[in-house]
Amino acid sequence: MRTFKKAAALIMAVVVTVGLMAGCGGNTGGEKGQNGQVYVYCFGDYFDPELEYEFEEKTGYDVIIDYFDTNEELYPVIKNNTAQYDVICASDYMIAKLIDEGLLSEINYDNVPNASNIAENVKPSFEEFDPGMKYSLPHTWGTYGIMYNKSMVNGADIDSWTDLWDEKYAEQIVMPDSMREMYMIAGKILGYSMNTTDEKEVTEMTDLLLKQKPLVYKLANDSARELMIGESAALAVITSGEVLYSQELNENIDFVIPKEGTEVWTDCWAVTANVTNKEGGEAWINFMLDGDVAEDNFEYLTYAIPNTQIADLTDNPVLNPSAEVLAKCETLKNLGAEADDMYSRYWKEYKSK
Amino acid sequence: MTKSAIKRLFSGPFLAFILCGTLVPLVVIAFYGFTDRSGAFTLDNIMAIAGGHHAQALGLSLALALISTLICLLLAFPLGLILKDSKIGKKGFMVFVFILPMWMNFLLRTMAWQVLLEKNGIINIALKSLGLPLLDIINTPAAVVLGMVYDYLPFMVLPIYNALIKIDHSLIEAAYDLGAGKGLVLRKVLIPLSVPGIVSGITMVFVPSLTTFAISTMLGGGKVNLIGNIIEQEFTVSSNWNLGAGLSLVMMIFIVISMALIEKFDREGEGSMI
């Protein structure tokens, strides 16, 4: 026993010493961390994790990343400045809200030369939430549409949101467990904007959704593609980024952007107003906009990345919709607390019936 | 340093933990619960529990929690009796087998049920190949009850088992000696003496079942709306922390009630075993 303890102590001593030396070597040798830290706050699992190390090696920054699940979780953290982040990833409507409240800083394009890689067709939707791309740059984008199983719908022509109200598909429909997207779908059928604050229209949309509820197999966000791949559902409302992955695993799967139009969303990188390392944050964004990095991310996520360097990879109508389709799309907007509460009331009514 | 000063010193970390981990968050929740978005005092968030959808969700939560607590009790008491008299190996081993699944994250175990119960899931594939009728309970309250029973059953088994093994065997023998049958021994000896364990078991299953939102989200398919789901939505999606905090405060009443019950019946502290 004694000899064992001695050996263990020796090994520990060696490990600690080597560790210390390696640590010091790292600090003086000019690698990771020499240029300070970059604090990143991002949706969970939203870029290829290998890239973190590649970025550290390339730029000499030490990256510290925290994750969140929804934009609504990010907001209080940034608003109350409970943790200091340099660069964040958030969806379009949240970017607009953060800009309005002065919580983002303008991007210095001199530090982001890769911004020239941004695809042209993503730019019009920026006009809706960040005109002129002053504060944010795109990470991924996509649209909502109907994913369907060609053999389970017997070759029927799925092209409209109203197909989700077809009793033929009772108990085979998966809808998003997400309030605003559900109202977007009902709104497109009734011809209302997804950003309406007219209570009469919201009532009508709720009634329409309630009519469909008995047909719905499940309200699901992330698990929707699994249900489609496993053929537990014939139709699912899903975002375009899930299509390539699902088709790889089940060749019967197809996807359509309904003719009434849909929601187009963009998730963006932005630098916070309370930034401590603005250059580092911009370096991170610049790195993410690099062509090779975009390719890595695209292969990892299968979500469309609006980067001209990978245009040939995303060249299909699902990932890269035509201007004609995009013209019928809307982006989600902030409606303010009062309208949020109203929607939330009607949504609870939908949920509890 | 006097003895009591040393004692106080050692209780320091505990007091700090209670302060930071319990009291401060409670005060923050109470603050949010009793104010509106602008920070003005209001009782609306508390009274909101009586509003149609909230009361309905609370009712459903109470019903499902009661059902799953009852099922757990019906499963756990006989199991406790079996474990108590078990001759298989050391007694500790059988109990160990029961708590083994608890070492795995409960979300993971619930997610496993989601895959098992799916329309084209493993259970239905097996049933289909045997020519049996398919199980169609996923995304219904029945699946949620199944998940609650599965996740919380060990919390019922352990306190009941602990109460049962403490019963002096000579009491049971005395009852038989005096002519009592098996049923009478169960009714007059075993059950009354295990009441503290049963009460801790009931509260430990009932309270988490009442407030869960993960099980109902995963196995209810977003269609079973419990009060826990509403509170969670207020925080993560609707950005109405005040309403969420107000409703949480109301839910605390149920926890206080169960703590009072434990206090009344569980003098021996079986509940503290877990």
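Residues numbered from 1 in each chain as written. Chains lettered and ligands numbered in written order. Predicted model: local features only at pLDDT ≥ 70, side-chain atom pairs only at ≥ 80, totals over all residues. Heavy atoms only, no water.

> Would you take a moment to explain the overall build of chain A for this structure?
Across its full length, chain A carries 13 helices and 10 strands. In terms of principal-axis extent, the alpha carbons of chain A reach across some 75 × 55 × 40 Å. Residues counted as buried form 55% of the 353 residues belonging to chain A. Excluding contacts between residues fewer than 6 apart, the proportion of contacts in chain A whose partners are at least 24 apart in sequence is 76%. Of the accessible surface of chain A, which amounts to about 15,500 Å², a share of 50% is contributed by carbon and sulfur atoms. (Helix = DSSP H or I, 4+ residues; strand = E, 2+ residues; numbered from the N terminus. Buried < 20%, exposed > 50% of the residue type's maximum accessible area, 1.4 Å probe, protein only. Contact = heavy atoms within 4.5 Å. Areas by Shrake-Rupley, 256 points an atom, 1.4 Å probe, with all protein chains shown as cover.)

> Is there a simple way to explain the overall build of chain B in this structure?
Check the secondary structure of chain B and you find 13 helices and 0 strands. Of the regular secondary structure in chain B, the N- to C-terminal order runs α-α-α-α-α-α-α-α-α-α-α-α-α. C-alpha atoms of chain B, sized along the principal axes, occupy 75 × 70 × 35 Å. If you take every contact in chain B between residues at least 6 apart in sequence, the share linking residues at least 24 apart comes to 71%. As displayed, chain B offers around 14,900 Å² of accessible surface, 75% of which is attributable to carbon and sulfur atoms. Counting 18 positive and 15 negative side-chain charges, chain B places the centres of these two groups 7 Å from one another. (Lys, Arg positive; Asp, Glu negative; His and termini not counted. Charge placed at Lys NZ, Arg CZ, Asp CG, Glu CD.)

> Would you take a moment to explain the environment of Y192 of chain A for this structure?
Residue and element names in this part refer to chain A. Its location among the elements puts Y192 in the loop between helix 6 (179–190) and helix 7 (199–212). Given the relative accessible area of 18%, Y192 is considered buried. Taking C-alpha positions, Y192 is 25 Å from N121, a pair spaced 71 residues apart along the chain. Residues within four places of Y192 in sequence aside, it is in contact with G187, E201, E204, M205 and E330.

> Help me out: how do you make sense of the interface of chain B and chain A in this one?
The accessible area lost on association of the parts is a frequent measure of interface size. Contacts between the two partners involve 25 residues from chain B and, on the opposite side, 25 residues from chain A. Carbon and sulfur atoms make up 43% of the area that chain B and chain A hide from each other, which totals about 2,200 Å². If you sort the residues of chain B by the area they bury against chain A, H53, K119 and K223 of chain B come out on top, with a joint share of 25%. In this structure, the connection of chain B to chain A is made through 2 salt bridges. The shortest N-O distance in the salt bridge between D341 of chain A and R37 of chain B comes to 2.8 Å. Remark: the boundary between chain B and chain A carries 18 residue pairs in polar contact (both at pLDDT 80 or more). When residues in the side of chain B that touches chain A are grouped by element, the largest group, 4 residues, is from helix 12 (residues 227–236) of chain B. Residue classes in the side of chain B that touches chain A are distributed as 6 nonpolar, 14 polar and 5 charged. (Buried area = accessible area lost by both parts, 1.4 Å probe. Salt bridge = Lys/Arg side-chain N within 4 Å of Asp/Glu carboxyl O. Polar contact = N/O pair within 3.5 Å; in protein donor to acceptor, adjacent residues only side chain to side chain. Nonpolar A, V, L, I, M, F, W, Y, C, P; charged D, E, K, R; others polar.)

> Would you mind going over the environment of T110 of chain B with me for this structure?
Residues and elements named next belong to chain B. By secondary structure assignment, the location of T110 is in helix 5 (residues 106–117). Given the relative accessible area of 1%, T110 is considered buried. The spatial distance from the C-alpha of T110 to the C-alpha of R187 is 36 Å, given a sequence separation of 77 residues. Residues contacting T110, with those up to four places away along its chain left out, are D151, I215, M218 and L219.

> Would you take a moment to explain the domain arrangement of chain A for this structure?
Residue and element names in this part refer to chain A. Examined at the domain level, chain A breaks down into domain 1 (35–141 + 266–317) and domain 2 (143–263 + 329–352). Each of domain 1 and domain 2 has a C-alpha centre, and the two are 27 Å apart. Summed over both partners, the interface of domain 1 with domain 2 comes to about 980 Å²; 54% of that surface belongs to carbon and sulfur atoms. Sorting the residues of domain 1 by area buried against domain 2 places Y93, T302 and Y303 first, and these three jointly supply 50% of that buried surface. There are 1 salt bridge connecting domain 1 and domain 2. (Domains from an automatic or database assignment.)

> Would you take a moment to explain the pattern of salt bridges for this structure?
It is possible for side chains of opposite charge to pair when their charged atoms get near one another. Residues and elements named next belong to chain A. Evaluated as defined, the whole model comprises 15 salt bridges over all chains. In this structure, E120 and K123 form a salt bridge, with 3.1 Å as the shortest nitrogen-oxygen distance. By relative accessible area, which is 30% here, K123 ends up partly exposed. Within this structure, R225, E226 and E242 form a network of salt bridges that share partners.

> Can you walk me through the confidence of the model for chain A in this structure?
Scored by pLDDT, chain A comes out at a mean of 90, with 91% of its residues at no less than 70. This model gives residues 19–30 of chain A a pLDDT under 50, and the stretch forms 2 contacts once residues within four places in sequence are excluded. (pLDDT = per-residue confidence, 0-100.)

> Before we go on, may I ask you to explain the nonpolar core in this structure?
Across soluble globular proteins, you tend to see nonpolar side chains buried next to one another. Residues I88, L235, W269 and W284 of chain A are the most contacted members of the largest nonpolar core, which totals 103 residues. Of the domains in this structure, domain 1 (35–141 + 266–317) and domain 2 (143–263 + 329–352) of chain A are the two that each give at least three residues to this core. Counting residues in each nonpolar core, the second largest holds 52 residues, with A236 of chain A together with V144, V157 and L190 of chain B among its members. (Core = buried A, V, L, I, M, F, W, Y, C linked by side-chain atoms within 4.5 Å.)

> Is there a simple way to think about the packing of helix 3 (residues 71–79) of chain A against helix 4 (residues 92–100) of chain A in this case?
The geometry of a pair of packed helices is captured by two quantities: the angle between their axes and the separation between those axes. Residues and elements named next belong to chain A. Running from amino to carboxyl end, helix 3 crosses helix 4 at an angle of 20 degrees, the nearest separation of the two axes being 10 Å. In terms of their interaxial angle, helix 3 and helix 4 are classed as roughly parallel. When the axes of helix 3 and helix 4 are compared, the crossing they make is right-handed. In this structure, helix 3 contributes N71, E72, L74, Y75 and I78 to the contact, and helix 4 contributes Y93, M94, K97 and L98. Residue composition of the contact of helix 3 with helix 4, grouped by class: 6 nonpolar, 1 polar and 2 charged. (Axes fitted to C-alpha atoms, helices over the stretch in contact; angles between N-to-C directions. Parallel < 35°, antiparallel > 145°, perpendicular 65-115°, else oblique. Left-handed = near helix turned anticlockwise from the far one by under 90°.)

> Sorry if this is basic, but what is going on with the packing of helix 9 (residues 182–193) of chain B against helix 10 (residues 195–211) of chain B here?
Residues and elements named next belong to chain B. Orientation of helix 9 relative to helix 10, taken along the N-to-C sense of each, is 55 degrees, at an axis distance of 5 Å. On the basis of the axis angle, helix 9 is oblique to helix 10. Contact residues: I191, P192 and L193 in helix 9; V195, P196 and I198 in helix 10.

> I keep staring at the pairing of strand 8 (residues 235–239) of chain A and nothing clicks. Help me out?
Remember that side chains alternate between the two faces of the sheet whenever the strand is regular. All names here are of chain A. Summarising burial for strand 8: 5 of the 5 residues are buried, a large majority. Strand direction decides the pairing type here: strand 6 (residues 173–175) and strand 8, joined by 2 bridges, are parallel. Looking across to strand 8, one finds that V174 is bridged to A236. (Pairing = 2+ DSSP bridges.)

> What am I meant to see in the pairing of strand 3 (residues 87–91) of chain A here?
All names here are of chain A. Buried residues dominate strand 3, accounting for 5 of its 5 residues. Both faces of strand 3 are covered, namely the face carrying V87, C89 and S91 and the face carrying I88 and A90. Direction of pairing for strand 1 (residues 37–43) relative to strand 3: parallel, over a ladder of 2 bridges. Looking at strand 3, one finds that Y41 is bridged to I88. Both strand 3 and strand 10 (residues 264–272) contribute to a ladder of 5 bridges, which runs antiparallel. For S91, the partnering residue across the bridge sits in strand 10 and is D267.

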